[in-house]
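Secondary and tertiary structure notes
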Amino acid sequence: MILVTGATGNIGRELTRELAATDAELRLLVRDPARAAALPERAERVVGDLDEPATLTAAFTGVDALFLLTQGIGTDRTSAAVTAAEAAGVRHIVHLSSLHVTLDPIPAMGRWHHERERIVRASGIPATFLRPGGFMTNALDWLPTLREGNYVLDPVGPGRYAPVDPADIAAVAALALTRDGHRGKAYSLTGGELFTVAEQVRVISETVGRDIEVREVTTAAEAVRFRFPGGAPRALADAVTEGFHLMRADTAGIRTDTVELLLGRGPRTFADWCERHADAFRPSGDPNELS
């Protein structure tokens, strides 16, 4: 039995579909079953919450392998999941971490992930660590300003990175969960193309057929707004600001060939992702307009 946490998120949805196409027994940990209604029917749903450890026993009972995704600040959710996994006799954890843990020095965002990795390792349960860089889906954070005034805030200027499609992360996770040879491994995952924000925006613009303005960010507050339009706790805001500062300085970028080595194909391109999500960048009712 494989248990998937974060099943309704960008990675979890893709992973559930990947695993549903195999013969593996599949269970989803969900807080709200309604949000999982569109996921494959054959996946069992169990209601539980990593913020409420007492709700996890039923979800983890009989589980052999766990996909563990914990978000936000701190390590409480990771600790709760690992404790439940130990009690249930889980034999393998595939843990979503971050490329930030490979940097020296490790930035704040990476330190949280590093500590979560430490908790998983300390359990003694064999683990595989997936360390992706920035997600292609982070471009969806630009929707508020696109709809407000057809512009995108750019906090990184000349900095480059290789965004990865969550579908590729999910494909690697499915491989690690269902095939031998991945326990004890850590995989740094990126896309195959290096971009500045302006270059990404150009791809979106070409996809939807309209020019989009790029406005350079000049303050920390604007940088946080770029990533979290609805606001963020102070610690998270500080970590995001630090991350953007480091990205601005990295004009070379980090790109790995891990996705291709593991999956036997190149990573999905940002242009392909934009084609699949083009409607998200257009207002409802008019597929040819952004604002």
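For the structure itself, look to the data block above.
Residues numbered from 1 in each chain as written. Predicted model: local features only at pLDDT ≥ 70, side-chain atom pairs only at ≥ 80, totals over all residues. Heavy atoms only, no water.

Some points on the sheet that holds strand β3 (residues 44–47)
Definition in use: Note on pairing: two strands pair once DSSP finds at least 2 bridges between them. Here a strand is any run of E in DSSP of at least two residues, a helix any run of H or I of at least four, and the numbering for each starts at the N terminus. The axes used here are C-alpha line fits, helices contributing only the stretch in contact, and every angle between their N-to-C directions lies in the interval 0 to 180 degrees. Working rule for contacts: check all heavy atoms of both residues, and any pair within 4.5 Å makes them a contact.
Overall, parallel pairing links the 7 strands, which are arranged β3-β2-β1-β4-β5-β6-β8 in an open sheet. Strands with a single pairing partner mark the edges of an open sheet, and in this sheet they are β3 and β8 (186–189). Sheet twist, expressed as the average angle between the axes of neighbouring strands with direction ignored, equals 20 degrees. This element, helix α4 (residues 108–122), spans β4 (65–68), β5 (92–96) and β6 (127–132) of the sheet and lies at about 170 degrees to β6.

Some words on the environment of L262
With respect to the secondary-structure elements, L262 resides in helix α10 (residues 258–263). With 87 residues separating them in the primary sequence, L262 and L175 have C-alpha atoms 8.3 Å apart. Leaving out residues up to four positions away in the same chain, L262 has contacts with V172, L175, H182 and Y187.

Some remarks on helix α7 (residues 197–208)
It helps to recall that an α-helix has 3.6 residues per turn; residues three or four apart then point in one direction. So the rule is basically this: Take the residue count of a helix, subtract one, and multiply by 1.5 Å to get its expected span. Accessibility here uses a 1.4 Å probe with only protein chains present; expressed as a share of the type maximum, an area under 20% marks a residue as buried, one over 50% as exposed, and anything in between as partly exposed.
End to end, α7 covers 17 Å across 12 residues, agreeing with the expected 16 Å (1.5 Å per residue, within 8%). All of the buried residues in α7 are V197, Q200, V201, V203, I204, S205, T207 and V208. Along its buried surface, α7 packs onto β7 (151–154), β9 (213–216), α8 (220–227) and α11 (270–276).

Comments concerning unusual backbone geometry
In this structure, P105 follows D104 across a cis peptide bond, with omega equal to 0 degrees. The phi dihedral of N150 is positive, around 60 degrees, even though this residue is not glycine. Among the structural elements, N150 can be located in the loop between α5 (143–149) and β7. What makes N150 buried here is its relative accessible area of 12%.

Side note on the pattern of salt bridges
Basically, it comes down to this: Definition used for salt bridges: Asp or Glu carboxyl oxygen within 4 Å of a side-chain nitrogen of Lys or Arg.
Following the criterion strictly, the structure yields 14 salt bridges and no others. Among the salt bridges present, the one from E199 reaches R160, with a minimum N-O distance of 2.6 Å. On the criterion of sequence distance, the pair formed by E199 in helix α7 and R160 in the loop between β7 and α6 (166–178) is long-range, its members being 39 residues apart. Looking at R160, the relative accessible area reads 27%, which means it is partly exposed. Here the salt bridges do not stand alone but share partners, grouping E117, R121 and R131 into one network.

Some words on the side chain of S98
To be explicit about the condition: Polar contact is the term for a pair of N or O atoms within 3.5 Å; when the atoms are in protein, one must be able to donate a hydrogen and the other to accept it, and sequence-neighboring residues count only if both atoms are side-chain atoms.
Inspection of the secondary structure puts S98 in the loop between β5 and α4. Within the local environment of S98, its side chain forms a polar contact with the side chain of H100, the two groups lying 2.8 Å apart. Those residues in contact with S98, other than ones at most four positions away along the chain, are H113, L130, R131 and P132.

A few points about the packing of helix α3 (residues 76–88) against α4
Heads up, the condition is: Angle categories are assigned with fixed cut-offs, so that under 35 degrees is roughly parallel, over 145 is roughly antiparallel, 65 to 115 is roughly perpendicular, and the rest are oblique. Handedness of a crossing is defined here by the sense of rotation of the near helix relative to the far one, left-handed for an anticlockwise turn of less than a right angle and right-handed for a clockwise turn. Under the convention adopted here, Pro, Cys and the residues Ala, Val, Leu, Ile, Met, Phe, Trp and Tyr are nonpolar, Asp, Glu, Lys and Arg are charged, and Gly plus all remaining residues are polar.
Two elements in contact, α3 and α4, have axes whose closest approach is 10 Å; the angle formed by their N-to-C orientations is 15 degrees. Viewed along their axes, α3 and α4 adopt a mutual orientation that is roughly parallel. Two packed elements cross with a definite hand, and for α3 against α4 that hand is right-handed. Side by side, α3 and α4 meet where T78, S79 and V82 of the first sit next to R116, I119 and V120 of the second. Grouping the amino acids of the contact of α3 with α4 by side-chain chemistry returns 3 nonpolar, 2 polar and 1 charged.

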